[in-house]
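# Architecture and fold: a report
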Amino acid sequence: MPFTDIIGELFILAPPFSEAEPPHETPLSRSEIKRQKEIWLEPISPDSDLRKELQGYYHVKGRFVENEYGNRFYLDTYGSKWLAFHSETEP
């Protein structure tokens, strides 16, 4: 696509504050998640308010993880919508 065909703004880098802070530790694998009872979940989203609202401790329940408010993330979306870390240490 030629640059002249682009309508709107074109960024060399992501706009400020649109990227999450990189994790401080390596995320768990899907198989590791299944062996846990509880994990620390970090949503993947450019919306920092949404990330802060949904991050936290989630209980592992088979095909999904769920927090105390009933928010669910399915294992099928792991790596594209969320990442998991050991529950003992928040990233």
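In case you missed it, the structure is sitting above this.
Right, let's walk through the structure included here. (Residues numbered from 1 in each chain as written. Predicted model: local features only at pLDDT ≥ 70, side-chain atom pairs only at ≥ 80, totals over all residues. Heavy atoms only, no water.)

### Thoughts on the side chain of N67
Selection rule: For helices the rule is a DSSP run of H or I covering at least 4 residues; for strands it is a run of E covering at least 2, with both sets numbered from the N terminus onward. Remark: exposure states derive from per-residue accessible area (1.4 Å probe, protein chains only) relative to the maximum for the residue type, with buried under 20%, exposed over 50%, and partly exposed in between. Pairing of N or O atoms within 3.5 Å defines a polar contact, subject to two protein rules: one partner must be a possible hydrogen donor and the other a possible acceptor, and residues neighboring in sequence count only if both atoms are side-chain atoms. In what follows, a contact means two residues having at least one pair of non-hydrogen atoms within 4.5 Å.
For N67, the position within the fold is in the loop between strand 3 (64–66) and strand 4 (72–74). You can call N67 buried: its relative accessible area is 10%. At 3.3 Å, the side chain of N67 and the side chain of Y58 are in polar contact. Setting aside residues no more than four positions away along its own chain, N67 makes contact with Y57 and Y58.

### Quick notes on the packing of aromatic side chains
Keep this limit in mind: Between the rings of Phe, Tyr and Trp (Trp by its six-membered ring), a pair exists once the centres lie within 6.5 Å; its type follows the angle of the planes, with under 30 degrees stacked, over 60 edge-to-face, and the other angles tilted. Here, a charge over a ring means that NZ of Lys or CZ of Arg falls within 6 Å of the ring centre while also lying within 35 degrees of the ring normal.
The tally for this structure, following the rule as stated, stands at five aromatic pairs. When the ring of F73 is compared with that of W82, the centres are 6.1 Å apart and the planes differ by 50°; the resulting orientation is tilted. By relative accessible area, F73 is classed as buried at 11%. With a centroid separation of 4.7 Å and 70° between ring planes, the pair formed by Y78 and W82 is classed as edge-to-face. Look at Y78 and you get buried, because its relative accessible area is 14%. A network of ring pairs unites the aromatic residues Y58, F73, Y78 and W82 as a single cluster. Cation over ring: R72 sits above F64, and NZ or CZ is 4.0 Å from the ring centre.

### Brief notes about the sheet that holds strand 5 (residues 82–86)
Spelled out, the test is: When DSSP finds two or more bridges between a pair of strands, those strands are recorded as paired. Each axis is a line fitted through C-alpha atoms, and for a helix only the stretch in contact is used; angles between axes span 0 to 180 degrees, taken between their N-to-C directions.
On the basis of which strands lie adjacent, the open sheet formed by five strands has the order 4-3-2-1-5 and antiparallel pairing. Both outer strands of the open sheet, strand 4 and strand 5, are each paired with one neighbouring strand and no more. Across this sheet, the average inter-strand angle for adjacent strands is 40°, counted without regard to direction. Both strand 1 (residues 38–43) and strand 5 contribute to a ladder of five bridges, which runs antiparallel. When the sheet's bridge partners are listed, I39 is paired in strand 5 with H86.

### Here we look at the pattern of salt bridges
The criterion, for reference: Salt bridge, as applied in this entry: a Lys or Arg side-chain nitrogen positioned within 4 Å of an Asp or Glu carboxyl oxygen.
If you walk through the whole model with that rule in mind, you get three salt bridges. In this structure, the salt-bridge partner of K61 is E66, at a minimum N-O distance of 3.4 Å. For K61, a relative accessible area of 41% gives the class partly exposed. When its relative accessible area of 14% is taken as the criterion, E66 is described as buried. With a shortest N-O distance of 3.3 Å, R72 and E66 are connected by a salt bridge. Classification of R72 as partly exposed rests on a relative accessible area of 42%.

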